[in-house]
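Close look at the chain arrangement
Chain by chain, the residues:
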Amino acid sequence: MPLIAPLPLEELPPDLGAAVESGRTTRMLSSTIPVQIWAHRPNVALAWLKTIEEMHLRGLLEPRLRELVRLKIASITACRACQVARKSDAVSEKDVACLGWDDPRYSEREQAALRYAELFAGDYLAIDEEVFAHLGRFFTTAEIVELNMFAALMLAGGRMTFVQRGYDEDAEAEDAITAPAR
């Protein structure tokens, strides 16, 4: 049960309600509950969604890479809603079962991004010039900036959702049971 009462969807301001509906349609949002909590500050919630939407719909990073990074960070934040959700069909359940950055199933680019995500979420003091130089072998400067911003949003969003208990435990259990095998 959420620690902050979510506003009913029908009570969201029209622009935020439209952003939530768009986010559900594009699979950017797997649950509305976090946004319903953030809706107590509707303009801030809308700005958050627009930032994520920009990367989701028009991002420089490919959907598979973003999904791997998101799931890696979710494994560190222990955000249940984030761990259960699937935003891209390009990531299989076998990929999810092994999110170690050095696994050979991942391309060098994916390995670099997963390593960065792991450090970003779990050992950010270890991120140094060497880490950025390694990223620079596989990503443009703009892509590195987007990777950094995406990791930050996923870390903050996952942690915020976890702390606020912004998820429906019954729906999560059902999603885990009925999720299609990939």
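Describing the overall build of the protein
When its secondary structure is counted, the protein shows 10 helices and 0 strands. The linear arrangement of helices and strands in the protein, starting from the amino end, is α-α-α-α-α-α-α-α-α-α. Taking the principal axes of the C-alpha coordinates as reference, the protein spans close to 50 × 35 × 30 Å. Taking all 182 residues of the protein together, 45% fall into the buried category. Taking the contacts inside the protein whose residues are at least 6 apart along the sequence as the reference set, 68% of them involve residues at least 24 apart. Surface accessibility of the protein: about 9,600 Å² in total, with carbon and sulfur atoms responsible for 57%. Charge centroids of the protein, computed over 20 positive and 28 negative side chains, lie 1 Å from each other.

Considering the pattern of salt bridges
The tally for this structure, following the rule as stated, stands at 7 salt bridges. Across the pair E110 and R64 runs a salt bridge whose closest N-O atoms are separated by 2.6 Å. Of this pair, E110 sits in helix α7 (residues 108-122) while R64 sits in helix α4 (residues 63-77), and the two are 46 residues apart along the sequence. Take E110: its relative accessible area is 9%, and that puts it in the buried class. The class of R64 is buried, set by a relative accessible area of 18%. One connected set of salt bridges, linked through shared partners, spans E62, R109 and E143.

Digging into α7
Side chains three or four residues apart in an α-helix point the same way, a direct result of the helix having 3.6 residues per turn. Over its 15 residues, α7 runs 21 Å from end to end, which matches the ideal 21 Å to within 8%, given 1.5 Å per residue. Counting buried positions over the 15 residues of α7 gives 12, a clear majority of the element. Turning to α7, the residues buried within the fold contact α4, α8 (129-136) and α9 (141-164).

Description of the packing of α7 against α8
Two numbers describe how α7 lies on α8: the axes approach to 9 Å, and their chain directions differ by 150°. Here α7 is positioned roughly antiparallel relative to α8, judged by the angle of their axes. Considering how the two elements wind past one another, α7 and α8 form a crossing that is left-handed. Of the residues in α8, those touching α7 at A112, A113, R115, Y116 and L119 are E130, V131, F132, H134 and L135. Class assignment for the residues of the contact of α7 with α8 results in 7 nonpolar, 1 polar and 2 charged.

Cut-offs used in this document
- Residues numbered from 1 in each chain as written.
- Predicted model: local features only at pLDDT ≥ 70, side-chain atom pairs only at ≥ 80, totals over all residues.
- Heavy atoms only, no water.
- Helix = DSSP H or I, 4+ residues; strand = E, 2+ residues; numbered from the N terminus.
- Buried < 20%, exposed > 50% of the residue type's maximum accessible area, 1.4 Å probe, protein only.
- Contact = heavy atoms within 4.5 Å.
- Areas by Shrake-Rupley, 256 points an atom, 1.4 Å probe, with all protein chains shown as cover.
- Lys, Arg positive; Asp, Glu negative; His and termini not counted.
- Charge placed at Lys NZ, Arg CZ, Asp CG, Glu CD.
- Salt bridge = Lys/Arg side-chain N within 4 Å of Asp/Glu carboxyl O.
- Expected span 1.5 Å × (residues − 1).
- Axes fitted to C-alpha atoms, helices over the stretch in contact; angles between N-to-C directions.
- Parallel < 35°, antiparallel > 145°, perpendicular 65-115°, else oblique.
- Left-handed = near helix turned anticlockwise from the far one by under 90°.
- Nonpolar A, V, L, I, M, F, W, Y, C, P; charged D, E, K, R; others polar.

Honestly, that's just the spatial picture; any functional story needs more than this.
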